[in-house]
Amino acid sequence: MSEEGYTTPFLDAQFADSITVKRTGTVWTAVAHIVTGVIGSGVLSLAWSIAQVGWIAGPLAILLFASITLLSAFLLSDTYRSPDPQYGPHRSSSYLDAVNLHKGKARLLLHDPHWVVTGIGSGRASGVFVNISLYGFGIAYVITAAISMSAIQKSNCYQDKGTEEACEFGDAYFMLIFGAVQIVLSQIPNFHNIQWLSILAAIMSFAYAFIGMALALMQVIEKGYVEGSIQGINTSTGTEKLWLVAQALGDIAFSYPFAVILIEIQDTLKSPPPENQTMRRASTISVIVTTFFYLCCGCCGYAAFGNDTSGNLLTGFSSSKLHWLVDFANACIVIHLVGAYQVYSQPLFANVENWLRFKFPDNEFVNHTYLLKLPVLPDFQISFLRLSFRTVYVASTTGIAMIFPYFNQILGVLAGIIYYPLTIYFPVEMYLSQSNIEAWTTKWILLRLFSIIGFVVGFFTLIGSIEGIITAKLS
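Residues numbered from 1 in each chain as written. Predicted model: local features only at pLDDT ≥ 70, side-chain atom pairs only at ≥ 80, totals over all residues. Heavy atoms only, no water.

K.L.:
Go over the packing of aromatic side chains, please, and point to the residues and values.
P.N.:
With the rule as written, the count across this model stands at 15 aromatic pairs. Look at Phe389 and Tyr393: their rings are 6.3 Å apart centre to centre, the planes differ by 45°, and that puts the pair in the tilted class. You can see Phe389 and its partner Tyr393 sitting in helix α12 (residues 384–403), four residues apart, about one turn around the helix. A relative accessible area of 5% means that Tyr393 is categorised as buried. The interplanar angle of 20° and the centroid separation of 6.1 Å between the aromatic rings of Phe455 and Phe459 together place this pair among those described as stacked. Of the two residues, Phe455 and Phe459 both sit in helix α14 (residues 442–474), four residues apart, roughly one turn of that helix. (Phe/Tyr/Trp six-rings, centres within 6.5 Å; stacked < 30°, edge-to-face > 60°. Helix = DSSP H or I, 4+ residues; strand = E, 2+ residues; numbered from the N terminus. Buried < 20%, exposed > 50% of the residue type's maximum accessible area, 1.4 Å probe, protein only.)

This is the structure in structure tokens:
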């Protein structure tokens, strides 16, 4: 869109069709979407996170981030409609739409019933963080999938040779395999064509999380006692402990990737009742369910391994008698991440490709598609833009993962970069803008304090996780 010479910038562009959408979602469909989107590979790092800070601070940290996430969800749910949170005529179809509407210089054109963005500050900033989060998830998923594939090979090798020392394998080979699979799957045209993959991925995520929790609980019962301590693992220096705590908090924050998908979920809900009321109920139920699940996985894992808890819970069971079950769980992780990579990459693909089509409407390379006919297989539409851009994209995420294959530290860095702006800063700013809350009132002070504390925690996790990557790279 353009108006008075203003061209829509890439990071603001939404390219949503102005089509009336039939919304049929309920509180339970919203709960299903949230739980599916939130529970992912991050759950496997929670036992390690608790191990860094101990039996008291670990569970409390999970509860703290759950509370922050729920408060953020309440604030965001009120920004879906405008100007009134319940009956306002203008909806936001995505997180970026909401930021552009409330913090960009959005205005209603007399000749057009849709809001048009004429300011780019906050909208572009939020676009940067949203796209960083999508790209970062891709890198994290390449690393996690490679760890799981390597764990399957190590497990089989251990059963044959009987010693872990003879079964050390690098992860780079498996990263290349995962990347090759993603290059093929990335040629699927759009998000709507991968619903089956998303459903399969959701089933797999629950499967491996339950298996990991059950295996840990069985090990505790077999030992007859609970591992761990109040203060967590011991370190040689206080500074080392501080950085590990920062990485642990980052991993916990990464386990709640909630805010960026909330508006899209709310846009599926039917009304009445008002969407923000339904979304608050769904958010409350979802956060309670996922937090209970996280506490069970994290605490069972720490109870089983104590200070020896590995960064990825399932890797601690490589020598288990139930190695076949561990292999199955790791296979579930790989299948889940094959789908999850696409779920988080397809929106970025669409954003870039639609922006290029908008900028170059007459370019054949950008806009033309060709029909590819293969024996036995159905006809397939191929686009040179899609083929080239998505291949380069997958290759870049795979390459970065190979250079920095550090699971917990990468999760911490991602959380440090995106958790504060997407979960705290923009929700608070949008809520203050829409509600017209006067400065220095009690609510204004509390929300500003909430934002400041969130920034300090986010910066702390970012610095600690970067330090962890540098230390791991140099060691």
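K.L.:
Outline the pattern of salt bridges, supporting the account with residue identities and numerical values.
P.N.:
This model, assessed by the stated rule, comprises six salt bridges. Taking the shortest distance from any N to any O, the salt bridge between Lys223 and Glu227 comes out at 3.0 Å. Residue classification places Lys223 among the partly exposed residues on the basis of a relative accessible area of 32%. Linking Glu429 and Arg448 is a salt bridge whose minimum nitrogen-to-oxygen distance equals 2.3 Å. Taken as a pair, Glu429 in helix α13 (residues 407–435) and Arg448 in helix α14 lie far apart in primary sequence, 19 residues in all. (Salt bridge = Lys/Arg side-chain N within 4 Å of Asp/Glu carboxyl O.)

K.L.:
Report on a nonpolar patch on the surface, specifying residues and quantitative values.
P.N.:
A surface patch of nonpolar side chains, amounting to about 480 Å² of accessible area, comprises Ile452, Phe455, Val456, Phe459 and Ile463. Residue placement: Ile463 occurs in helix α14. Taking relative accessible area as the criterion, Ile463 reaches 33% and is therefore assigned partly exposed. (Patch = residues over 30% accessible without salt bridge, like charges linked within 9 Å, V, L, I, M, F, W, Y side chains within 5 Å. Areas by Shrake-Rupley, 256 points an atom, 1.4 Å probe, with all protein chains shown as cover.)

K.L.:
Describe empty space enclosed by the protein, listing the residues and the values that go with them.
P.N.:
Scanning the entire structure with this criterion turns up two cavities of 30 Å³ or more. If you add up the space inside the second largest cavity, you get close to 40 Å³. Lining the second largest cavity are Ile34, Val38, Thr69, Tyr256, Phe258, Ser286, Val287 and Thr290. Counting only elements with at least two residues in the lining of the second largest cavity, the list comes to α1 (27–38) and α9 (275–305). Across the lining of the second largest cavity, the residue classes tally to five nonpolar, three polar and no charged. (1 Å grid on protein atoms, 1.4 Å probe; cavity = no way out; pocket = protein on both sides within 12 Å on 5 of 7 lines; lining within 4 Å. Points joined across faces, edges and corners; volume = space filled by probe spheres on them. Nonpolar A, V, L, I, M, F, W, Y, C, P; charged D, E, K, R; others polar.)

K.L.:
Describe in detail the environment of Gln342, supporting the description with residues and values.
P.N.:
Locating Gln342 in the fold gives a position in helix α10 (residues 323–359). Gln342 sits in the buried class, given a relative accessible area of 0%. When the C-alpha atoms of Gln342 and Gln182 are compared, they prove to be 7.8 Å apart, with 160 residues separating the residues in sequence. Among the polar contacts listed, one links the side chain of Gln342 to the side chain of Ser186, at a separation of 3.1 Å. (Polar contact = N/O pair within 3.5 Å; in protein donor to acceptor, adjacent residues only side chain to side chain.)

K.L.:
Provide a residue-level description of α9, including the pertinent values.
P.N.:
Compared with an ideal rise of 1.5 Å per residue, which puts 31 residues at 45 Å, α9 spans 44 Å between its outermost C-alpha atoms and is within 8% of the ideal. Looking one or two places after α9, you find Gly306, whose phi comes out positive at around 60°. (Expected span 1.5 Å × (residues − 1).)

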